[in-house]
Amino acid sequence: MRQTFRWVLTVVLVALFAIVGIGIGSNLTTHFRNLFVYNEVLTIVQHRYVEKQDPSDLIMSSIQGMLRTLDPHSHLLNELLSKQMREDQKGSFYGIGIQFDIINGILTVISPIEDTPASKVGLLAGDRIVEIDGEDARGITTVDVIRKLKGPKGTKVVITVQREGVSEHMTFTLKRDKIPTTSVPYYFMLNDTIGYLRLTRFAETTASEMNTAIHDLKNDGMQELVLDLRYNGGGLLTQAIAVSDMFLESGLQIVSTKGRTAESNQAVFASKRTKLPRVPLIILIDDGTASGSEIVSGAVQDNDRGLVIGTTSFGKGLVQSVIQLPENWTLVLTTARYYTPSGRCIQKPYSEYGSSVYLGNETDGNEKAPPVYHSRAGRELTGGGGIHPDVVVEGTTLNKDFETLIRKNIFTLFGLHYAAQHRDLEKDFEITDEVVSEFIAFAANNDVVVNKDELMGDHPEFVKTYIRWRIVRSLWGNKEAAIAFSAVDEPIQKAIELMPEARKMLDDVYIPLLKELQDQNSQPIEGSASNQGSFDMAA
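Now for a description of the structure that goes with this document. Everything numeric here is computed off the predicted structure, so don't read it as measured data.

1. Structural notes on helix α7 (residues 206-219)
Now for step 1: When the terminal C-alpha atoms of α7 are compared, their 20 Å separation across 14 residues agrees well with the 20 Å that a helix rising 1.5 Å per residue should span.
Now for step 2: Residues T206, A207, E209, M210, A213, I214 and L217 constitute the buried set of α7. Within α7, the buried residues cover an arc of 155° as seen down the axis, which keeps them to one side.
Now for step 3: Buried residues along α7 sit against β10 (186-189), β11 (194-198), β12 (224-228) and α8 (237-247).
Now for step 4: Remark: G221 follows α7 within two positions and exhibits a positive phi of approximately 105°.

Below, the structure written as structure tokens:
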């Protein structure tokens, strides 16, 4: 029986090697030797290990281990995960609201999804989840992430997080809730001429939602646009391309992919479809801007279509091909890398320098100067992974007391409490010193003691607006809350200030460039990436 099992397994493994084209012909002896060693180890473990093991589980663990050595984004999904992958793109689900990857065996937050339990308690891009409900999460698999973080609405999960720059681990208690799949949660006018649009992900309806939102803004008097891609962790590649296509004239390159096979090497160009109104454009990005949103911001920046401001994006630029296998298994395999039109690789070099650089926290001290690229008009662009903004704008940095209040959910709880007692508030109400004192007392009653003067620090108006934001959200919803917070949102305020520069770029750079291309009659052939897939796992 043992010999039969070993013989069958060897035949199966050799067949697999032959199917995927590993090149057995030239390395036949080496491959067979390795296969027999694997076979021997598997058989010994099955028969002699201290506890009985299922050989099927051992083989699947071997496959997952092999994929983990490639990159953080290649996965083997069972039937359940394959179904949930499709649900993430189409419908809603109950979970904590993060887009994630497993990097060096650590569950890593790519981006918290807006208006979910994760965003409400203050999880950040790059946070590493090391415990879930008291159990060590290091070495966790994608299957276990889904099983542990998704669940019935209202149930709780406790996670322990390791955050860069914070010496102690941070513990969060999250209550699972419905995770929204709307791409454009709100949009509004920042002033008489500047429209603002929040785009949180790329799902099947993204292009349609974008089209509706921008035309509504146009009817409200929009003459310039701020597109907010902060904490947009990506989604469907086709929709990221469709959004880019809305802003770029036919023939301009959107993105290219490079891999080992012919089908992995291609370029995608803007189509002849109807475009959005040609208005000055500024895109906001941060370290939670990843994948599809990096494609959009890179395409706009490289083609001099608009300005990009904020902080360097996450740097997730790998193409995953979705390959259906027997028995309802799905292989998600990295087959190429994304490149912006100027040739910048979006992917950060995590494999060469380790996860700290992948997460944007370079600490070596011997880093090489990043490569320099150029836009169509000759502007210098920084390469080296991720999208580097034209203008760096950091968000407001606050003290430890503020972070503690967010982590303990005090701002949200006080917003609900205050709103319940002041249903007759006018929308233009102000946060007085008395309301701040009431907030401090409320925090103390919830076991969070902070000093008022230390909390306010150098940013009293920001703290007051943050309190007001939570109250407004409780009374009138996310759109009104976003309008309230925009007054102290530094990247948004910087975008308003820089809008004349965006208009100058449109009029003096982009439009003349289009005329030059038309005169040269050198429009490239439109391309597509229909044979490649890209998605981002969520929980």
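The discussion continues.
2. With respect to the environment of L217
Now for step 1: Mapping L217 onto the fold places it in helix α7.
Now for step 2: We classify L217 as buried; its relative accessible area is 0%.
Now for step 3: Separated by 30 residues in sequence, L217 and Y187 place their C-alpha atoms 7.7 Å apart.

3. A short note on the packing of helix α16 (residues 460-476) against helix α17 (residues 478-485)
Now for step 1: Here α16 crosses α17 at 165°, and the two axes come no closer than 7 Å. By the criterion of interaxial angle, the relationship of α16 to α17 is roughly antiparallel. The chirality of how α16 crosses α17 is right-handed. Residues F462, T465, Y466, R468, W469, V472, R473 and W476 of α16 form the contact with α17, whose own contacting residues are N478, E480, A481, A482, A484 and F485.
Now for step 2: Classifying every residue of the contact of α16 with α17 by side-chain character gives 9 nonpolar, 2 polar and 3 charged.

4. Some points on the packing of helix α13 (residues 410-421) against α16
Now for step 1: Put simply, α13 and α16 touch, their axes get as near as 8 Å, and they point 55° apart. Looking at the two axes, α13 sits oblique to α16. α13 and α16 meet at a crossing whose hand is right-handed. Residues F411, T412, F414, G415, L416, Y418 and A419 of α13 pack against Y466, I467, R470, I471, S474 and L475 of α16.
Now for step 2: Grouping the constituent residues of the contact of α13 with α16 by class yields 9 nonpolar, 3 polar and 1 charged.

5. Description of α17
Now for step 1: Residues of α17 that are buried include every one of A481, A482, A484 and F485, and no others. Each buried residue of α17 lies within a common arc of 160° when the element is viewed along its axis, so the set occupies one face.
Now for step 2: Looking at the buried residues of α17, the elements they touch are β10 and α16.

6. What about the pairing of strand β4 (residues 106-112)?
Now for step 1: The buried fraction of β4 is high, at 7 of 7 residues.
Now for step 2: Here strand β3 (residues 98-103) runs beside β4; their pairing, made up of 6 bridges, is antiparallel. Bridging across to β4, I98 finds its partner in P112.

7. Some details on the packing of aromatic side chains
Now for step 1: With the rule as written, the count across this model stands at 16 aromatic pairs.
Now for step 2: Here the aromatic rings of F402 and F411 are separated by 5.0 Å at their centres, their planes lie at 45°, and the arrangement is tilted. Like F411, F402 is buried.
Now for step 3: Note that R470 overlies the ring of W469, its terminal NZ or CZ placed 4.4 Å from the centroid.

8. Notes on unusual backbone geometry
Now for step 1: A positive phi angle, near 60°, is found at D115, a position not held by glycine.
Now for step 2: Look at D115 and you get partly exposed, because its relative accessible area is 29%.
Now for step 3: Even without a glycine there, the phi angle at D133 is positive, about 50°.
Now for step 4: Within the secondary structure, D133 sits in the loop between β5 (128-132) and β6 (135-136).
Now for step 5: Overall, the relative accessible area of 45% leaves D133 in the partly exposed class.

9. Observations concerning the nonpolar core
Among soluble globular proteins, nonpolar side chains are generally buried collectively.
Now for step 1: L197, L199, M210, L225, L227, F247 and I283 are the most contacted members of the largest nonpolar core, which has 45 residues in total.
Now for step 2: For this core, the secondary-structure elements that each account for two or more residues are α7, β12, α8, β13 (253-259), β15 (281-285), α9 (292-302), β18 (330-339) and α18 (490-520).
Now for step 3: The element contributing the most residues to this core is α8, with 6 residues.
Now for step 4: Those residues in contact with M210 that sit more than four places away from it in its chain are V184, L197, L199, L227, V243, M246 and F247.
Now for step 5: The next biggest cluster of nonpolar side chains, apart from the first, holds 34 residues, and it includes I410, A419, F429 and V435.

10. Examining the sheet that holds β11
Now for step 1: The strand order across the open sheet built from 6 strands is β10-β11-β12-β15-β16-β21, with neighbouring strands paired in mixed fashion. Strands at the two margins of the open sheet, each flanked by one partner only, are β10 and β21 (391-392).
Now for step 2: Sheet topology note: the strand β16 (residues 307-310)/β21 ladder contains 2 bridges and is parallel. In the sheet register, I309 faces β21, and the bridge partner there is V391.

11. A word on a negative patch on the surface
Now for step 1: A surface patch of like charges, here negative, comprises D424, E426, D428, E430 and E461.
Now for step 2: When you line up the elements, D424 lands in the loop between α13 and α14 (433-445).
Now for step 3: We classify D424 as exposed; its relative accessible area is 66%.

12. Describing the environment of V121
Now for step 1: Checked against the element boundaries, V121 lands in helix α5 (residues 117-121).
Now for step 2: Owing to a relative accessible area of 6%, V121 belongs among the buried residues under this scheme.
Now for step 3: Residues V121 and N409, 288 residues apart in the sequence, show an inter-C-alpha distance of 5.7 Å.

13. Observations concerning the pairing of β10
As a general feature of sheets, a regular strand has side chains that alternate between the two faces.
Now for step 1: Residues Y186 and F188 line the buried face of β10, whereas the alternating positions Y187 and M189 sit on a face that is not buried.
Now for step 2: Where β10 lies against β11, 4 bridges are found, and the strand directions are antiparallel. Across the sheet, the residue bridging to M189 is G195, located in β11.

Scoring rules and cut-offs
- Residues numbered from 1 in each chain as written.
- Predicted model: local features only at pLDDT ≥ 70, side-chain atom pairs only at ≥ 80, totals over all residues.
- Heavy atoms only, no water.
- Helix = DSSP H or I, 4+ residues; strand = E, 2+ residues; numbered from the N terminus.
- Expected span 1.5 Å × (residues − 1).
- Buried < 20%, exposed > 50% of the residue type's maximum accessible area, 1.4 Å probe, protein only.
- Arc of directions from axis to C-beta.
- Contact = heavy atoms within 4.5 Å.
- Axes fitted to C-alpha atoms, helices over the stretch in contact; angles between N-to-C directions.
- Parallel < 35°, antiparallel > 145°, perpendicular 65-115°, else oblique.
- Left-handed = near helix turned anticlockwise from the far one by under 90°.
- Nonpolar A, V, L, I, M, F, W, Y, C, P; charged D, E, K, R; others polar.
- Pairing = 2+ DSSP bridges.
- Phe/Tyr/Trp six-rings, centres within 6.5 Å; stacked < 30°, edge-to-face > 60°.
- Lys NZ or Arg CZ within 6 Å of the ring centre and 35° of its normal.
- Core = buried A, V, L, I, M, F, W, Y, C linked by side-chain atoms within 4.5 Å.
- Patch = residues over 30% accessible without salt bridge, like charges linked within 9 Å, V, L, I, M, F, W, Y side chains within 5 Å.
- Areas by Shrake-Rupley, 256 points an atom, 1.4 Å probe, with all protein chains shown as cover.
- Salt bridge = Lys/Arg side-chain N within 4 Å of Asp/Glu carboxyl O.
- Lys, Arg positive; Asp, Glu negative; His and termini not counted.
- Charge placed at Lys NZ, Arg CZ, Asp CG, Glu CD.

By themselves, these are just geometric observations and shouldn't be taken as functional.
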